[in-house]
Amino acid sequence: MEELYEELEDITFTEEERRCAVVMCLVNNNGNIENREIQRATGLTMRYIQKTHKKLEESKNPRGLISRQWKSQEAMRTRRDENFVNQVREIVEKTPDRAFRAIGNDLKVNPMTIRACVNEDLRCKSYKMQTGQILSQANKNRRLLKSVKLLNKLKHPLERNMLWFFSDEKNFCQDQAHNSQNNRWIASCPKDVPKVMKSKFPATVMVFGVVSSEGHVMPPHIFEVGLRVNTDVYLQVMEQTVLPWIKGVVGDRPWVWQQDSAPCHVSHRSLAWLDEHCYDFVTKDQWPPSSPDLNPMDYFVWGYLEAHTNRRPHNTKASLITSIKEHFASI
């Protein structure tokens, strides 16, 4: 007999079939059956059986429960009357950062009732709070001045058809990247969702990247482990790696070098070297600080790379470096 059932095709029961199985066990036994016995017979979780059992006792409508029609529209609205809606509105206006669960505990109702009231009655939604840069008026004025200078540089270049090169550095970690808001996993049970494991002191790799305004991508430069990027290191990378690659790309075309205002980038030696070797470059007085929306390395390249290289954790730093190089080449 066991061999016969081993040969059966795999089957996944629907939600309605699961509710029907629990209801049948309860109705056919007049409620004189333990939840654990139903669990052994159906293979369902204890929480699911307890929840269905409670709904059956509340609704007294087995068929309606199976088809999920055990509550009428009028019954659903008995709690969300005008007085209740006004209470929720008052709480939301006073403390808009309160969680639905906390409001539900205060009003002795299910959090889903609060959610429905906020969405349907108040016509509001619970949005994720965002972070922003604190800027004084003086900082805003400096950003505006630098933005105007940068815009003028774009409108009035030294020559026509100039090629722009954007640069930036980033630390990549061996651990898997995780976004609690966007990373999802489709499963029938929370136990089936794998955990994103984090190490206490993950190894990191610093990468220097360059892209052009026409889509040229320089092979990433990987800094040595523990190396502090100062002016000497930066100029060495510019002389031995970046400048030869740029010359191979531009040929005889005029070009512009962009960099942020990191200390090693804006030191006197670095600026003197850029003035001597670059056709043109963006000075620290022209590039607005904290402006990731102006640099494609910030608003695209790094995010794209991290999404692909850190989709899974890396056991070794060599594996991480190989992945970074492979995905850089695919941009």
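In the block above lies the structure referred to throughout.
Described in the following lines is the structure provided in the data block. The structure displayed is predicted, hence computed values, not measured ones.

Along the protein chain, the regular secondary structure elements total 14 helices and 5 strands. Computed over its C-alpha atoms, the radius of gyration of the protein chain comes to 31 Å, more than 25% above the 20 Å expected for a compact globule of 331 residues. Expressed along its principal axes, the backbone C-alpha trace of the protein chain runs to roughly 90 × 60 × 35 Å. Across the 331 residues of the protein chain, 32% fall into the buried class. As displayed, the protein chain offers around 23,000 Å² of accessible surface, 50% of which is attributable to carbon and sulfur atoms.

With that settled, consider the sheet that holds strand S4 (residues 255-258). Overall, mixed pairing links the 5 strands, which are arranged S3-S2-S1-S4-S5 in an open sheet. Strands with a single pairing partner mark the edges of an open sheet, and in this sheet they are strand S3 (221-222) and strand S5 (280-281). The sheet contact formed by strand S2 (residues 204-212) and S3 spans 2 bridges and is antiparallel. Note that in S3 the partner of phenylalanine 208 across the bridge is histidine 221. Contacts from helix H10 (residues 137-155) reach strand S1 (163-173), S4 and S5 within the one sheet, and its direction differs from that of S1 by about 130°. Of the strands in this sheet, S1 and S2 touch helix H13 (residues 296-309), which is tilted by about 40° from S1.

It is worth spelling out the nonpolar core at this point. Most often, soluble globular proteins keep nonpolar side chains buried together rather than apart. Counting residues in hydrophobic clusters, the biggest one holds 24 residues, and the most contacted among them are Phe165, Phe208, Val210, Val242, Ile246, Trp255 and Trp257. Elements supplying a minimum of two residues to this core: S1, S2, helix H11 (231-250), S4 and helix H12 (268-277). By residue number, the principal contributor to this core is H11, which donates 10 residues. Apart from the residues lying within four places of it in its own chain, the contact partners of valine 210 are Phe165, Phe166, Ser167, His216, Val217, Met218, Val242, Trp245, Trp257 and Met297. One finds Val205, Val207, Leu305 and Ile324 within the second-largest nonpolar core, a separate group that totals 19 residues.

How each quantity is defined
- Residues numbered from 1 in each chain as written.
- Predicted model: local features only at pLDDT ≥ 70, side-chain atom pairs only at ≥ 80, totals over all residues.
- Heavy atoms only, no water.
- Helix = DSSP H or I, 4+ residues; strand = E, 2+ residues; numbered from the N terminus.
- Rg over C-alpha atoms; globule rule 2.2 N^0.38 Å.
- Buried < 20%, exposed > 50% of the residue type's maximum accessible area, 1.4 Å probe, protein only.
- Areas by Shrake-Rupley, 256 points an atom, 1.4 Å probe, with all protein chains shown as cover.
- Pairing = 2+ DSSP bridges.
- Contact = heavy atoms within 4.5 Å.
- Axes fitted to C-alpha atoms, helices over the stretch in contact; angles between N-to-C directions.
- Core = buried A, V, L, I, M, F, W, Y, C linked by side-chain atoms within 4.5 Å.

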